[in-house]
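Residue-level structure breakdown
Here are the chains, one letter per residue:
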Amino acid sequence: MTGESGSPTPATPGQQPAPPGGTTAAPISQPSRATPPNSSMPIRVGITLSPPIFHDKKGQLVTLSQNLKTATRNHATQEFNHGLVLSSFPLQDNQMFEVKIDKKINSWSGSIEIGVTCCDPNTIETPFPSSATELRDGTWIMSGNSVLKDGRSINENYGTDLDKLEEGDRVGVLRTGQGDLLFFVNGVSQGVAASNLSSRVFAVVDMYGKCAQVTIMDNTIQEARIHSNDLSNVATAAAAASIHLNTITSNNSHNNITNANIQAATAAANAAVAAATSSGIAAASISGLIRENSGGNNLNNNRIRFHERHGTLIKLGNNNRTAERKRPFDEFNNGVVMTHRHLRDNEMFEIRLDRLVDKWSGSIEVGVTTHNPGQLEFPATMTNLRNGTTMMSGCGILTNGKGTRREYGQFNLDELAEGDRIGMMRKSNGNLHYFINGLDQGVAASRVSDQVWGVVDLYGMTVKVTIVDRDERDEQNLITRRALALRTNPEPLDLQPSDKLLFHPACGSHAAVINSGITSHRPNAADDFNFGVVLTNRPLKPNEVFEVRLDKMVSKWAGSIEIGVTTHAPSDLDFPSTMTNIRSGTWMMTGNGVMHNGTTTIDDYGQNLDKLKVGDRVGVVRKDTGVLHFYVGGEDQGPAASNVPERIYGVIDLYGQAAQATIVDVSDFRSPDGLDSTVTSGTLYSHIDSMQDLRFHHLHGRNARISNSGLTASRQNALSEFNDAIVMSNRPLREGEMFEIQVERMVDRWSGSIEAGVTLIKPEELEFPNTMTDIDYDTWMLSGSAVMKDGNTVKNSYGCDLDSLNVGYRLGMMRTADGALHYYINGEDQGVAIDGVPGGIYAVIDLYGVCAQVSVVNRGGNRTLPAENSLASSQVMESSQVSIPLGAESNHRFCSAVGKSVEILSSCLTASRKIGPGTSLVFSSTPLESDDVFEVRIDSVESKWAGSLTIGLTTLSISDGDSNKVPGDISLLDQVWYLDGSNVINNNQIVRMNYGPCLDRLMAGDKIGVKRTSEGNLRFCFNGEDYGVAAANVPSNTRVVLELSGQTTQVSVCSVSRGNISPIDESHNIHDSLENILEGKEISCNTLEFHENRGRNIHMSHSSTVARRTESYNQGIVVSLRPLPEDTLFQVDITKLNSKWSSSISVGVIGSSPERLHLPVSLLHLKKEAWILSGDKVYFNGSVIQNRYGPNLDSLTVNHNVGVLVDSTRNLHVYVNGVDQGVAAQNIPHKCWAVFDLYGMCEEVAINGSEGHSALIAENLELREYVSKEKWMEEEERSSKVSKDVKNSMTNSQLFPHVLTKQELFTIKSRRNCEYLNLCIKFKNSLGLPSVFFEKAAYAVCYCDTCHKLRGCSSVSTTGNPPKNFTLPLRWVLFPLKISEEETGREDGDQVKEGRDSWHIAFHGTKIGDVRCMLDAGKLLTPGELGLERVLEKEKSKVDDADAPLLYFSPDIGEAGGSTYSPRGRFIDRRTRKEYSARTAFLLEVEPGSYKVGGKEEGENENIWISKERGNTTISALLVTLDPL
């Protein structure tokens, strides 16, 4: 074949998705498989990182222990150095190497030093250097708070001082995928310490001075989650910082203009300016520096906007009409922006202050300059320029950086407030005037150049501004607001009550409190992920619920909101990077765990906060009994802690993805008439979601407030604020649906009134402006009597004037079926306001000026929610009782009957040994169910004692109060199986030695579990890892027994009981069954569905049989609803792929119930009873146990299916397109669940044969009618000569079978270890054909039944122009050939190759003995040329009057490869001695028009093509097939 061969080019590995308009995300430390193409983050390619250990070559005084994980400096009180250790292997990108300081002594100064080195420990000469700072050849070391490279300091003030760390503190080092070096102290990044590191570095730890012993960290589950999130986010921030530095280097945020081509860019800028001056912006856009509007927004290019080149910290938005300074709490300058063109004479350039921060001194500076923004290297502040620049700063005027007027005008720019306007104008006489809120401040400068650009410096307090058009109403209202502020005795305003629970303004450095204290956010959530801690303004009252709603999220980061309480007052707290770093008086819910003072107390508690989405709510309450409860979505998650003190503040940590949250106040959901609604926060939204009535969305402008269950919107402080009060409908309007509101309150103070309209922008995507007319895309508004589209007036004097509305008036709006927007006043149609409005619009109300409150008019129901749908607040929130329904999972507990030295605490969840090392037995409260794991966590140890706990099972029957039955020693029990050290003992006899890790080595925080399987086997788990069968034939009805001996002093239960189905559930099932019988429905207890516990990005449909990932590339795990029955195939069809990502679906089984399973971001993070197939590797608990298993799942396409089955011998089988790939894993537990991960490219799956699958088939078939069905059917009619098999394969094709392209025909991958393929390769090799003929000596494409079925491809393909069908060479193996020497030697060889893209595919059968002759000739040979006569040689037809011999070939391999054209030969496999009949054929490319369909007049086979032009055929591949004799 002429053309490419080999495997298709794989998708370019990339990184996590970048937020819209943001920077790309950086690598995460967790194994990440899917990333968008063309980005910089490395992805996991099947490499499993080994646990880090120290290298056995070390410093002279170092001793290694604990399997090379602990290093100790000998004679630490006598020697202070020679304590150098290195990692055993080079660090992988983004791999954390972290150690804990185990022991310190105070004899010396200095302490631990850590870093990386290019020096390989295998090649370092011994003895080792005495300290790390002596290493050279590429060594970076953190010592104290300095960073040294090759012994020389490169940063003398970096991060936390390592000399001040104490025992138990952790310090780590990491090299990012971008080559940046990061250090971590107690899991907190210290920032980028160095860049451009070598790709191969080893970790270095120097136990110097006070540091005497370190251990490589192995975190607990919860600490690993937090650590993982920090690594992810720090690396992401490092990548963003790297991009930011590149931006600073180039001084160009239009970006793509580097230092190397800055001169060319300057020339292009000059050309653009000249073009704009002479012939307008359209000509200037040719230069590429001025963008044309591609969004269809009808943007006026002459309208002033900011230039796309600006200061390094500026972010533009709103079609470059808004400028914002990034990192406003960290940086105060580098915020210069300029207009995109020079100002015209008498043209007003006016901006509005949108956001200020109360941190810096100084504020905005504005002015004009003669410098072209296309050429300017932007300074940190504009007053640094020494020519051509006039700026207003404070209340003075500066020309070229020097003061020319000390007192100018009536206003000081440093004293302006949010919403104030600043304008400037160069008049035709050359004078420069400034305007504040529309008031002319007089001449600021004269003889100003006639070509100047407007300049704004977002300095100090000023963070965000927007270019605005003059608005006399705004100007008048701003003057009124300023006058009110200047009153000596201002009238009382409608402020929030003093005891209202709000956020305190003192908060983390990356957080800010807005919306009158109700809302907190991270304003630069795309650039930072931590330092977002916010506390309440006062302590919480007993039984008072502190509940917040997530308003905004950023998918760029890992982790999410954390909530809790603290005894620290916000005015006294030194705000940390995350609240879990506080080591006193703090209780936090993080993920699905609970932490107290930074230590995990509950690992598996409630719903996972990392899975929350926008609109979800989370809360906390301290009951008057001192018990702490958390709420998620209004549901009590149960007791989290006890003995919590009274004076506590609520606290949230806007970490990772959580970008904004608002306090939910139940009082906001009372009716305006004063009647209390009985709605609690627990039922606040659940009922609303089920209702279809229109109401206001919970996201709104800064000064707006939503109340009355979303039916009422008001402007807070309506007497002191006149704007920033935009509200929107909670859903898009339907066709012909009216959204109607009633004006309920007006204030006679401002100019202007309500504005109303519609927009295509979703509330979640809108950054609410001051007024809706600021939006210049996809928005239609009525302001007064002016109809506006995208901020521009398109019609004046509309039928109604909104400024004339009064209290009690009703205002409605409706989009009709023909796209016309109508307004209604008191139910009366005012006519068409504007045409061409698309569907899917949201209603918008702007509570501007005099309009202070409106309510939605819903004609179908009451304005308040019915009382019977919820419990009263006191019933839900003040109850201290926790009711666990029957059948729900509940904690395992200890029996209160214990040994004399044991005390049972925390509702029988904790067992503590009182004194001494004496024996102390503890039992589970109930016998252990089959396959249930009873797990305990070691809370405390005393290392002065020897030995540790023992754990096992016993048949002893004991209940509460039976302490007299408890023997003094576990060995005295009659029937007992237990683990002592590493020995398994049954009735004082050792039945197994060296089982798992020794219990004597367990430390505080470690977990150990015990399980009896349904087969009667005893198994133990250590930190979630099952170590296999410890003993067999253990009887049922056994309970757990522990002996708290030796160093173990306290343990706590950390597992749950699966329990049985409750009578309530059974009654529901019976009821459902009766309904199904009455309705005539078929009942099946084995219906395949997905469980409701799923990844946070998964949306279920079609009765939980279809799962779709709605965003990002991960968090797409779904689990089967029920355990997988034996020999039952659970199979899903891939119905949607997104080629934006790499990697794809993973499948497998898990041994844990999905009911309370914490689902990680991907299946490979499951570390407990998880057997997973990802790519072509099989994993157990995250570790590879089998390579090269079956086809690579990443290669599956739409309509391929994949499934799992566990056979009767408990072996796991994976099926791909219905083909069993063999045993993937063994010893699968009897109770297991199928699990699928919709990862990367895989966005949607449907359970095979389900209701949802059938629905999707119908949808896809409908789509096919528009895409390809007509083309295929027409071609089929034209090609009626194709064989019956071809027609059947086309008409019987399943849902959208993939049709191979010509290139895929030669390059598609075959099944690995395909026996038929290997056999055909042996036969081909036996022919003795030189490898020079073939594209690749060992490459072949197998089209055996199994390989073809796995691909899920159609058996027919189409190629050429005009298109012609051909059959795939099923049951043949294809060997691609090189281009013949004749063609490669031609000057137009490339053109010949490209031209053959339009040629047709056909097949030519030949004898085995003729193959070599034709390959030597490089063309087909006739029987005469071969020296023999073919059986099939025909008499020349009437139309063939030339003397040239005829060539015969066919588009159907069944015709060409039959025994008539391709006689059978004989082949014996030397290894197996089996005999096969063999046939050979060639795959040809044939030029259209060079052949004819053979002899219609003579009744010849219509499937035979005849040609006499050999120059128009090319042999592209050899085909062989074998059949057993």
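Residues numbered from 1 in each chain as written. Predicted model: local features only at pLDDT ≥ 70, side-chain atom pairs only at ≥ 80, totals over all residues. Heavy atoms only, no water.

1. Section: the overall build of the protein chain
Check the secondary structure of the protein chain and you find 16 helices and 92 strands. Across the 1525 residues of the protein chain, 55% fall into the buried class. For the protein chain, restricting intrachain contacts to residue pairs at least 6 apart in sequence, the fraction spanning at least 24 positions comes to 70%. Surface exposure of the protein chain reaches about 62,800 Å², of which carbon and sulfur atoms provide 46%. (Helix = DSSP H or I, 4+ residues; strand = E, 2+ residues; numbered from the N terminus. Buried < 20%, exposed > 50% of the residue type's maximum accessible area, 1.4 Å probe, protein only. Contact = heavy atoms within 4.5 Å. Areas by Shrake-Rupley, 256 points an atom, 1.4 Å probe, with all protein chains shown as cover.)

2. Looking at the pairing of strand β38 (residues 635-641)
With four bridges joining them, strand β37 (residues 628-632) and β38 adopt antiparallel strand pairing. Bridge assignment links Val-632 to a residue of β38, and that residue is Glu-635. Hairpin connection, β37 to β38: the antiparallel pair is bridged by two residues, and Gly-633 has positive phi, about 60°. (Pairing = 2+ DSSP bridges.)

3. Overview of the environment of Gln-1226
For Gln-1226, the location among the structural elements is in the loop between β79 (1219-1225) and β80 (1233-1237). Separated by 13 residues in sequence, Gln-1226 and His-1213 have C-alpha atoms that sit 9.3 Å apart. For Gln-1226, the residues in contact, after removing those within four places along its chain, are Trp-1171, Arg-1210 and Asn-1211.

4. Quick word on the sheet that holds strand β30 (residues 533-539)
Pairing is antiparallel in the open sheet, where seven strands are placed in the order β27-β30-β39-β32-β33-β34-β35. Looking along the sheet, the strands with just one partner apiece sit at the ends: β27 (503-507) and β35 (599-602). Taking each pair of neighbouring strands and ignoring which way they run, the sheet shows an average axis angle of 30°. (Axes fitted to C-alpha atoms, helices over the stretch in contact; angles between N-to-C directions.)

5. Quick word on the side chain of Thr-176
Considering the arrangement of structural elements, one finds Thr-176 in the loop between β9 (170-175) and β10 (181-185). The class of Thr-176 is buried, set by a relative accessible area of 0%. Beyond its immediate chain neighbours, meaning those up to four positions away, Thr-176 contacts Asp-93, Asn-94 and Leu-182.

6. With respect to the packing of aromatic side chains
Summed over all chains, the structure comprises 29 aromatic pairs. A centroid spacing of 5.4 Å and a plane angle of 55° characterise the contact between Phe-80 and Trp-108, whose relative ring orientation is tilted. Of the two residues, Phe-80 is situated in the loop between β2 (70-73) and β3 (84-86) and Trp-108 in the loop between β4 (97-104) and β5 (113-117); the sequence distance between them amounts to 28 residues. Overall, the relative accessible area of 31% leaves Phe-80 in the partly exposed class. Ring geometry for Tyr-1491 versus Trp-1505: centroids 4.3 Å apart, planes at 15°, classification stacked. Pair noted here: Tyr-1491 is in the loop between β89 (1475-1486) and β90 (1492-1493) and Trp-1505 is in strand β91 (residues 1505-1507), with a separation of 14 residues, a long-range link. By the burial criterion, Tyr-1491 is buried, and Trp-1505 matches it. An aromatic cluster of three or more residues is present, and its members are Phe-80, Trp-108 and Tyr-208. (Phe/Tyr/Trp six-rings, centres within 6.5 Å; stacked < 30°, edge-to-face > 60°.)

7. Here we look at the pairing of strand β22 (residues 421-426)
Along β22, six of the six residues are buried, which leaves the element largely enclosed by surrounding structure. Side chains of β22 alternate between two faces, with Arg-421, Gly-423 and Met-425 and Ile-422, Met-424 and Arg-426 buried alike. Bridge analysis of strand β17 (residues 349-356) against β22 gives four bridges, and the strand direction is antiparallel. By the bridge assignment, Arg-352 is partnered in β22 with Arg-421. The turn linking β22 back onto strand β23 (residues 432-436) is made up of five residues, and Gly-430 within it adopts a positive phi angle of 90°.

8. Let's talk about the pattern of salt bridges
Inspection of every chain in the model, using the stated rule, returns 39 salt bridges. Arg-355 serves as the salt-bridge partner of Glu-324, at 3.9 Å between the closest nitrogen and oxygen. Here Glu-324, found in strand β15 (residues 322-325), pairs with Arg-355, found in strand β17; they are 31 residues apart in sequence, far enough to count as distant. Just as Glu-324 is buried, Arg-355 falls in that class too. A salt bridge links Glu-737 to Arg-734; its shortest N-O distance comes to 3.5 Å. Overall, the relative accessible area of 42% leaves Arg-734 in the partly exposed class. Here the salt bridges do not stand alone but share partners, grouping Arg-303, Arg-321 and Asp-469 into one network. (Salt bridge = Lys/Arg side-chain N within 4 Å of Asp/Glu carboxyl O.)

9. Digging into the sheet that holds β91
One open sheet accounts for three strands, arranged β87-β91-β90; its pairing is antiparallel. Sheet topology places β87 (1447-1449) and β90 at the edges, where each strand pairs with a single neighbour.

10. Here we look at the environment of Leu-1164
One can find Leu-1164 in the loop between β73 (1146-1150) and β74 (1170-1174). In this structure the C-alpha to C-alpha distance between Leu-1164 and Tyr-1179, which are 15 residues apart in sequence, comes to 7.5 Å.

11. A closer look at unusual backbone geometry
With omega at 5°, the peptide bond leading from Asn-1361 into Pro-1362 counts as cis. Counting through the fold element by element, Pro-1362 comes out in the loop between β83 (1356-1359) and β84 (1364-1367). With a phi close to 60°, Ser-1104 is a non-glycine residue in the positive phi region. As for its position among the elements, Ser-1104 is in the loop between β69 (1098-1101) and β70 (1106-1109). Of note in the backbone geometry, Asn-1217 takes a positive phi value of approximately 50° without being a glycine. As for its position among the elements, Asn-1217 is in the loop between β78 (1212-1216) and β79. Residue Asn-1217 is classed as buried on the basis of its relative accessible area of 9%.

12. A look at the nonpolar core
Core analysis: the biggest nonpolar cluster contains 38 residues, and Val-1373, Phe-1449, Phe-1482 and Leu-1522 have the highest contact counts within it. Among the secondary structure elements, those contributing two or more residues to this core are α11 (1315-1326), β85 (1373-1376), α15 (1411-1417), β87, β89 and β92 (1513-1524). The residues touching Leu-1522, leaving out its near neighbours within four places in the chain, are Tyr-1316, Leu-1319, Cys-1320, Phe-1323, Phe-1467, Tyr-1476, Ser-1477 and Ala-1478. The next biggest cluster of nonpolar side chains, apart from the first, holds 37 residues, and it includes Phe-696, Ala-704, Ala-756 and Val-787. (Core = buried A, V, L, I, M, F, W, Y, C linked by side-chain atoms within 4.5 Å.)

13. Some remarks on the side chain of His-521
Residue placement: His-521 occurs in strand β29 (residues 519-521). The class for His-521 is buried, based on a relative accessible area of 11%.

14. Examining the confidence of the model for the protein chain
In the predicted model, the protein chain carries a mean pLDDT of 79, and 78% of its residues have values of at least 70. In the predicted structure, residues 1-48 sits below a pLDDT of 50 and forms 152 contacts with residues beyond four places in sequence or in another chain. Across residues 241-300, confidence stays below pLDDT 50; counting only partners more than four residues off in sequence or on other chains, it has 81 contacts. (pLDDT = per-residue confidence, 0-100.)

15. Some thoughts on α11
Taking 1.5 Å as the rise per residue, α11 with twelve residues should run 16 Å; its terminal C-alpha atoms sit 17 Å apart, in good agreement. Looking at α11, one finds that the buried residues are Tyr-1316, Leu-1317, Leu-1319, Cys-1320, Phe-1323 and Lys-1324. Down the axis of α11, the buried set is contained in an arc of 160°. They therefore lie on one face. Elements in contact with the buried residues of α11: β82 (1341-1342), β85, β88 (1465-1468), β89 and β92. In the stretch just after α11, Gly-1328 is the one whose phi turns positive, near 70°. (Expected span 1.5 Å × (residues − 1). Arc of directions from axis to C-beta.)

16. Looking at the environment of Thr-215
Position of Thr-215 among the secondary structure elements: in strand β13 (residues 211-216). Between the C-alpha atom of Thr-215 and that of Lys-69, which follows or precedes it by 146 residues, the distance is 5.6 Å. For Thr-215, the contacting residues outside a window of four places in its chain are Lys-69, Thr-70, Glu-98, Val-99, Lys-100 and Asp-102. Polar contacts involving the side chain of Thr-215 include one to the side chain of Thr-70, which spans 2.9 Å. (Polar contact = N/O pair within 3.5 Å; in protein donor to acceptor, adjacent residues only side chain to side chain.)

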